Amino acid sequence: MASDENKRFVVLRVLNMPGVMERIASIFARRAINIDTITVGMVNGKTSEISLTFSLPQEKFENIVKVLEKNPCVFEVKIGSLEYDVIREAFVAVLKDCDTSVSDYIRVRYRARTTLLSGSRLLVELLADPRVVDDFKEEFKDRVESFSRSGVMIHTLNRFRK
Amino acid sequence: MVSGSRLLVEKLRENGVKTIFGVPGGAVLPFLDELYKAGDIEFILARHEQGAAHMADGYARATGRIGVVVATSGPGATNLATGIANAYLDSSPVLSIAGQVATPLIGYDGFQEANVFSMMIGLTKMNFLPRDLNELNSALENAFKIALSGRPGPVHIDVPRDVQLMEGEPDDDFYIYSYTPPSPSDEEILTVSKMLVEAERPVIIAGGGVIISGASSELIALAELLNAPVATTLMGKGSIPEDHPLSLGMVGMHGKLGAIKAVQESDLILAVGMRFSDRTTGKLSGFAPGARKIHVDIDRSEIGKLLKPDLGVAGDAKQVLIRIRETILRLFKKGKAATWGERVKQLKKESEFLYDYDAVPVDPSTAVRVLNDYVKAEDFVTTEVGQCQMYASLHFTAKRPRQFISSGGLGTMGFGLPAAIGVKAAFPESRVFDIAGDGSFFMTCNQLPVSVDYNLPIIVLVLNNYFLGMVRQWQELFYGRRYMAVDLKGRADIARVSEGFGAKGFKVTRISELKNALETALKQDETTVLDVIVAREDNVFPMVPPAAPLDRVIVRR
């Protein structure tokens, strides 16, 4: 994920109104751009924040940012980067064949919350950089019984665009 | 206390709307009843919602004010789609209002329910589905602002039937869309000015943005200062009077030869309010290959979208042109393009056409040339789409902005006739001509009774070759003359069909008859259709083959 230079992290402050998600999604759909992750949170009654990740070459990315900026539903467009901003994803998994030593390892190595379940299963709750989530999945790929990922949340620190 | 319908009427009034176009139905009856009670907003009853949308669009393009179209839910609203998409592609401020089933039924397949909200997302600048009076109030307040500000465009509102009937006091605590046009820095203006004065062969390309911005005088003033010729896009036609010595006419796939050559020979292109459509540039890599390019547009997302300019300037055409000219006058006095003028004169000569006034069947270019003499500066010309549109573009001399009204981006056959009705509704004292082909005519001729019923007489000049002419032309030139699904046979008698709709119809087979018919039509001041039988297989030239660079222009067969 991190190695892809075309990977984009964008945060939109938008009107909190029915149909806004579709309006934003259609901007991507008509250009045949796949949205990798999308998360939405309400800022207040009138405003919501959408975090989007997708892959796009620089030239096309510059255009789509301008297209997003001019949309009447969009108040603000911020561009996030893995280097400078806080980019996190929630990840919940159930692992099999685990004992307290695995649990302890995961707690320390990944700063995750762990709960041992019956049948040597381990519930893992992780909030981390999506690259770390990928690392975790890779490391425990033989033990992961089930998992959920939240999609990426982006908190930009000082890189306002509009 | 106010009802949703009452609120709709009040907001239309507040925004100066006196005429609306549309087709009613069950889901807009409360609104119609309120219009009846109000009595001061004229409802022009169209025969199909697509045409109604084109009427509103024509009204908007001719006036620069918002055009309003009303339809019912379901099929009424889906029929609007082509008309609204057409307005969107050409940045025309249209407000479309459709009824919708009552809110409790939305999503439950009520009678005449369709997911119009989703359909309109991709076709509008913005759309709304208000669920109560407050949201309706907010939607209306914002719709006018959004449609008219910056780069204009259509806004659609679906108003559920129960929201039209709701009563209450809407609150004013809502989001108000605000827009500030981008304004370039003094440094940017200075850079543009320097580039312009240093250019030896500058060409200005003016697009529809110049007309929308009301920047024609500024365009002409700058062109004259620099001695820079002006080519236009289809949408920019009329931004400079086409009989001006510096006017080159349209550039592009069916541009004038002089315009194409001037652009290709230029060392600097100043593109204002245009979007480098493939129909204008041909193959982009071969477009004005020796020129540096400056792109001025109010819509930032247009800059660099297709062509990467040497300099992009986001701003309003009028303001930018004024500032460039002032800067040049202050710092440089004038440009270096003095010798370019002679070459431009020569190129303009190459654009000249030979007309054949004796040909039978009629030569379509000559027919437009003849019509030209009857169109006064205050009159309007709309067009359909295809060969007729390109004959119109090449042979009609636009005298002012907003005089020539055509479907550019979407290329909608059937646009011209209803658009002409919309224009006539806005300017009843002006004469309005629609240059049509037989293919386009049959797409919206069902709107002719609207012109008759409301005493909005228009003159339709049908260049009738019994073909879908432009498709046939492509099949001839690029598909070995294998004509497939283009022959319209010509068994339907356009003059008699028009008479059946209550209009006057004339069949014209030679140019002398055309002149007589035009004079009669103008004297009678009634809706008139002139069915001009033209050469069946005439081709529009010049033509740049699709996806080829402009240099590959074909001058004649």
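For clarity, every value in this text was computed on a predicted model and none was experimentally measured.

Participant: Any chance you could explain the layout of surface pockets here in plain terms?
Facilitator: The gaps of empty space that remain are located by a probe, the size of a water molecule, rolled over the atoms. The computed volume of the largest pocket comes to approximately 1500 Å³. Residue lining of the largest pocket: 46 residues in total, with Lys66, Val67 and Lys70 of chain A together with Asp299 and Ser301 of chain B positioned closest to the centre. For the lining of the largest pocket, the secondary-structure elements that each account for two or more residues are α1 (20-29), α2 (58-70) and β4 (74-80) of chain A together with α4 (75-89) of chain B. Here the residues of the lining of the largest pocket are counted per class, giving 18 nonpolar, 11 polar and 17 charged.

Participant: So what exactly am I meant to see when it comes to the packing of helix α10 (residues 216-226) of chain B against helix α13 (residues 317-331) of chain B here?
Facilitator: Describing two packed helices takes the angle between their axes plus the distance from one axis to the other. Residue and element names in this part refer to chain B. Following both chains from N to C, one finds α10 and α13 inclined at 30°, their axes separated by 9 Å at the closest point. One way to sum up the angle between α10 and α13 is to call them roughly parallel. In the crossing of α10 with α13, the sense of the turn from one axis to the other is left-handed. Facing α10, whose interface residues are Glu218, Leu219, Ala221, Leu222, Leu225 and Leu226, α13 presents Lys318, Leu321, Ile322, Ile324, Arg325, Ile328 and Leu329. By residue class, the composition of the contact of α10 with α13 is 10 nonpolar, no polar and three charged.

Participant: Would you explain the environment of leucine 307 of chain B in this entry?
Facilitator: Note that leucine 307 of chain B resides in the loop between β13 (292-297) and β14 (311-314). It is 37 Å that separates the C-alpha atoms of leucine 307 of chain B and leucine 371 of chain B, two residues lying 64 residues apart in sequence.

Participant: Please clarify how the sheet that holds strand β3 (residues 47-55) of chain A should be interpreted in this entry.
Facilitator: Pairing between sheet strands relies on hydrogen bonds along the backbone, with the strands arranged either parallel or antiparallel. All names here are of chain A. With antiparallel pairing, the four strands of this open sheet are ordered in space as β2-β3-β1-β4. Two strands bound the open sheet, and with one partner strand each, they are β2 (35-42) and β4. Averaged over all pairs of adjacent strands, the angle between strand axes in this sheet comes to 20°, irrespective of strand direction. Where strand β1 (residues 7-15) meets β4, six bridges bridge the pair, whose relative direction is antiparallel. Bridge pairing links phenylalanine 9 to glycine 80 in β4. Contacts from α1 reach β1, β2, β3 and β4 within the one sheet, and its direction differs from that of β3 by about 20°. Relative to β4, α2 is tilted by about 155°, and along the sheet it contacts β1, β3 and β4.

Participant: Sorry, what's going on with the interface of chain A and chain B here?
Facilitator: Put simply, an interface is often sized by how much accessible area is lost when its parts join up. Each partner contributes residues to the interface: chain A has 16 residues there, and chain B has 21 residues. Across the chain A to chain B interface the summed buried area is about 1600 Å²; carbon plus sulfur atoms make up 58%. Considering only the surface of chain A that becomes buried against chain B, Arg23, Lys66 and Pro72 of chain A emerge as the three largest contributors, covering 36% of it. The tally of links from chain A across to chain B stands at three salt bridges. Measuring nitrogen to oxygen at the nearest pair gives 4.0 Å for the salt bridge that ties glutamate 59 of chain A to lysine 308 of chain B. Our enumeration of links across chain A and chain B arrives at 11 residue pairs in polar contact (both at pLDDT 80 or more).

Participant: Looking at this structure, how should I read the domain arrangement of chain B?
Facilitator: All names here are of chain B. Each assigned domain of chain B is listed here: domain 1 (2-168), domain 2 (186-350) and domain 3 (364-552). Computed over C-alpha atoms, the centres of domain 2 and domain 3 are 29 Å apart. Counting residues at the interface gives 30 residues for domain 2, matched by 30 residues for domain 3. For the pair domain 2 and domain 3, the two sides together bury roughly 2300 Å², of which 65% comes from carbon and sulfur. It is Lys237, Met253 and His254 in domain 2 that bury the most area against domain 3; as a group they hold 30% of the surface buried on that side. Remark: the boundary between domain 2 and domain 3 carries zero salt bridges.

Participant: Honestly, the domain arrangement of chain A in this entry has me stumped. Any pointers?
Facilitator: Residues and elements named next belong to chain A. Here the domain parsing of chain A yields domain 1 (7-80) and domain 2 (86-155). A straight line from the C-alpha centre of domain 1 to that of domain 2 covers 28 Å. If you look at the interface, domain 1 gives 10 residues, while domain 2 gives six residues. Summed over the shared surface of domain 1 and domain 2, the number is zero salt bridges. Taken together, the links from domain 1 to domain 2 amount to three residue pairs in polar contact (both at pLDDT 80 or more). Going through the elements one at a time, β1, β2 and β3 are the ones with two or more residues in the side of domain 1 that touches domain 2. For the side of domain 1 that touches domain 2, the element with the most residues is β3, which contributes four residues. Residues that form the side of domain 1 that touches domain 2 fall into these classes: four nonpolar, five polar and one charged.

Criteria and cut-off values
Residues numbered from 1 in each chain as written. Chains lettered and ligands numbered in written order. Predicted model: local features only at pLDDT ≥ 70, side-chain atom pairs only at ≥ 80, totals over all residues. Heavy atoms only, no water. 1 Å grid on protein atoms, 1.4 Å probe; cavity = no way out; pocket = protein on both sides within 12 Å on 5 of 7 lines; lining within 4 Å. Points joined across faces, edges and corners; volume = space filled by probe spheres on them. Helix = DSSP H or I, 4+ residues; strand = E, 2+ residues; numbered from the N terminus. Nonpolar A, V, L, I, M, F, W, Y, C, P; charged D, E, K, R; others polar. Axes fitted to C-alpha atoms, helices over the stretch in contact; angles between N-to-C directions. Parallel < 35°, antiparallel > 145°, perpendicular 65-115°, else oblique. Left-handed = near helix turned anticlockwise from the far one by under 90°. Contact = heavy atoms within 4.5 Å. Pairing = 2+ DSSP bridges. Buried area = accessible area lost by both parts, 1.4 Å probe. Salt bridge = Lys/Arg side-chain N within 4 Å of Asp/Glu carboxyl O. Polar contact = N/O pair within 3.5 Å; in protein donor to acceptor, adjacent residues only side chain to side chain. Domains from an automatic or database assignment.

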